Amino acid sequence: MNDMRLMERAVGHDIPKISAKNVQVHYGDTHAIKDVDIEIPSKMVTAFIGPSGCGKSTFLRCLNRMNDTIDSCRVRGEILLDNEDIYDAKVDPVQLRAKVGMVFQKPNPFPKSIYDNVAYGPKIHGLAASKTELDEIVENSLRKAALWDQAKDRLNQPGTGLSGGQQQRLCIARAIATSPDVLLMDEPCSALDPIATAQVEELIDELRENFSVVIVTHSMQQAARVSQKTAFFHLGNLVEFGETNQIFTNPDDPRTESYITGRIG
Ligand code: ADP
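Everything numeric in this text was worked out from a predicted model, so none of it was measured. (Residues numbered from 1 in each chain as written. Predicted model: local features only at pLDDT ≥ 70, side-chain atom pairs only at ≥ 80, totals over all residues. Heavy atoms only, no water.)

Participant: What exactly am I supposed to notice about the pairing of strand β1 (residues 16–27) here?
Facilitator: Residues in a regular strand project their side chains so that they alternate between the two faces of the sheet. Sheet analysis places β1 next to strand β2 (residues 30–41), joined by 8 bridges and oriented antiparallel. Across the sheet, residue S19 finds its bridge partner in β2, namely E39. Here β1 hands over to β2 after 2 residues, with G28 in that stretch at a positive phi of 55°. When β1 meets strand β4 (residues 73–81), the two strands line up antiparallel, connected through 8 bridges. The residue bridging S19 from the neighbouring strand is L80, located in β4. (Pairing = 2+ DSSP bridges. Helix = DSSP H or I, 4+ residues; strand = E, 2+ residues; numbered from the N terminus.)

Participant: I tried to follow the sheet that holds β2 on my own but got confused; where do I start?
Facilitator: Hydrogen bonds between backbone atoms are what pair the strands of a sheet, whose relative direction is either parallel or antiparallel. Read across the open sheet, the 4 strands follow the order β2-β1-β4-β5; overall the sheet is antiparallel. The sheet is open, and its two edges are formed by β2 and β5 (84–85), each paired on a single side. Bridge analysis of β4 against β5 gives 2 bridges, and the strand direction is antiparallel. Bridge assignment links L80 to a residue of β5, and that residue is D85.

Participant: I'm lost on the packing of helix α7 (residues 164–176) against helix α8 (residues 194–207) in this one. Help?
Facilitator: A pair of packed helices can be characterised by two numbers: the angle between their axes and the separation between those axes. Interaxial distance between α7 and α8 falls to 9 Å at its minimum, and their mutual angle equals 20°. Considered as vectors, α7 and α8 are oriented roughly parallel to each other. As α7 packs across α8, the resulting crossing turns out to be right-handed. Of α8, the residues touching α7 (which contributes G165, R169, I172 and I176) are A196, Q199, V200, L203 and L207. Taken together, the residues that form the contact of α7 with α8 break down as 6 nonpolar, 2 polar and 1 charged. (Axes fitted to C-alpha atoms, helices over the stretch in contact; angles between N-to-C directions. Parallel < 35°, antiparallel > 145°, perpendicular 65-115°, else oblique. Left-handed = near helix turned anticlockwise from the far one by under 90°. Contact = heavy atoms within 4.5 Å. Nonpolar A, V, L, I, M, F, W, Y, C, P; charged D, E, K, R; others polar.)

Participant: I keep staring at the packing of aromatic side chains and nothing clicks. Help me out?
Facilitator: Centre distance and the angle of the planes are the two values used to describe a pair of aromatic rings. The tally for this structure, following the rule as stated, stands at 5 aromatic pairs. Seen in terms of ring centroids, F48 and F233 are 5.1 Å apart; in terms of plane orientation they differ by 65°. Their pairing is edge-to-face. Taken as a pair, F48 in strand β3 (residues 45–49) and F233 in strand β9 (residues 229–234) lie far apart in primary sequence, 185 residues in all. Each of the two residues, F48 as well as F233, counts as buried. Residues F110 and Y120 carry aromatic rings whose centres are separated by 5.0 Å and whose planes lie at 65° to one another, so their mutual orientation is edge-to-face. Of this pair, F110 sits in the loop between β6 (100–103) and α4 (114–124) while Y120 sits in helix α4, and the two are 10 residues apart along the sequence. Among the aromatic side chains, those forming a connected cluster through ring pairs are F48, F59 and F233. One Lys or Arg, R174, reaches over the ring of F110 and ends 4.2 Å from the middle of that ring. (Phe/Tyr/Trp six-rings, centres within 6.5 Å; stacked < 30°, edge-to-face > 60°. Buried < 20%, exposed > 50% of the residue type's maximum accessible area, 1.4 Å probe, protein only. Lys NZ or Arg CZ within 6 Å of the ring centre and 35° of its normal.)

Participant: I'm lost on the pattern of salt bridges in this one. Help?
Facilitator: Once their charged atoms are close, side chains differing in charge can pair, the charge on each being opposite to the other. Following the criterion strictly, the structure yields 12 salt bridges and no others. R208 serves as the salt-bridge partner of D205, at 3.1 Å between the closest nitrogen and oxygen. Residues D253 and R255 are paired through a salt bridge, measuring 3.0 Å at the closest nitrogen-oxygen approach. Overall, D253 belongs to the buried group, its relative accessible area being 17%. Here R255 falls in the partly exposed class, since its relative accessible area comes to 36%. (Salt bridge = Lys/Arg side-chain N within 4 Å of Asp/Glu carboxyl O.)

Participant: Whenever I open this one, the site of the ligand confuses me. Can you help?
Facilitator: If you check the shell around the ligand, you find Y27, A32, P51, S52, G53, C54, G55, K56, S57, T58, R61 and I70 and nothing else. Out of a free accessible area of 560 Å², the ligand has 62% covered by protein chains. When residues of the shell around the ligand are assigned to their parent elements, the largest contribution, 4 residues, is made by helix α2 (residues 56–62). In terms of residue class, the shell around the ligand is built from 5 nonpolar, 5 polar and 2 charged. (Near = heavy atom within 4 Å. Areas by Shrake-Rupley, 256 points an atom, 1.4 Å probe, with all protein chains shown as cover.)

Following this line, the structure appears as structure tokens:
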């Protein structure tokens, strides 16, 4: 066990998993994120809420350097994962994304079998020494994503043959398979029906036992249901960040109050 994990165990949730300071993001001349500071706790669900276009997805994508793939995008400031700067020249973004996994709005399984979807990450990162080990990783990941019972007899069938909710859980299994510390979820239920949404929300609640989860959602009800911490963004600013219960019942900032009571958005 490394020092950071020992410390986390000793002091519980006190050490932030991710610590961001003075983060600014521009797309060309558009100033999308303005001087954001936030400390994202370990082993909890943190929700990002706010009106469309306020910068939630942009900030989420800073946390595993997904914005590196957008030419016009410039990120400044400091983002530490376990106290290490993820924008340091030494950091390989591909390795970083194995530690900080991501799940997108629309389920996007690879056009491959269920097994291969989950085995892909562990294979390219050399995480399994044998076929037996790879089988174990695939099974454990599918179990953690609450998909093993439905998938175990059809591992060689295409992932795209699953229902929408199952495909999203397959994408969660794929993200889990590289043993990340953090899971980023960008509106993971927006393409799902209410039953599949409820199942994924239940799963998110279970995932926080093993992972630090950050979820962008346009649904305040969803944020209230699944998260312990909530960050409210408005016009590129992080207006307020605190316990979910406090944000929804007793916000400090009038802009937060206007949003949660439906006056802006
Ligand atoms: P949210 O997730 O809160 O809806 P976004 O992070 O998607 O907000 O967008 C924040 C701002 O950045 C918006 O003004 C949006 O138009 C702009 N933006 C987002 N993605 C891009 C991009 N790839 N290129 C240019 N501008 C972008």
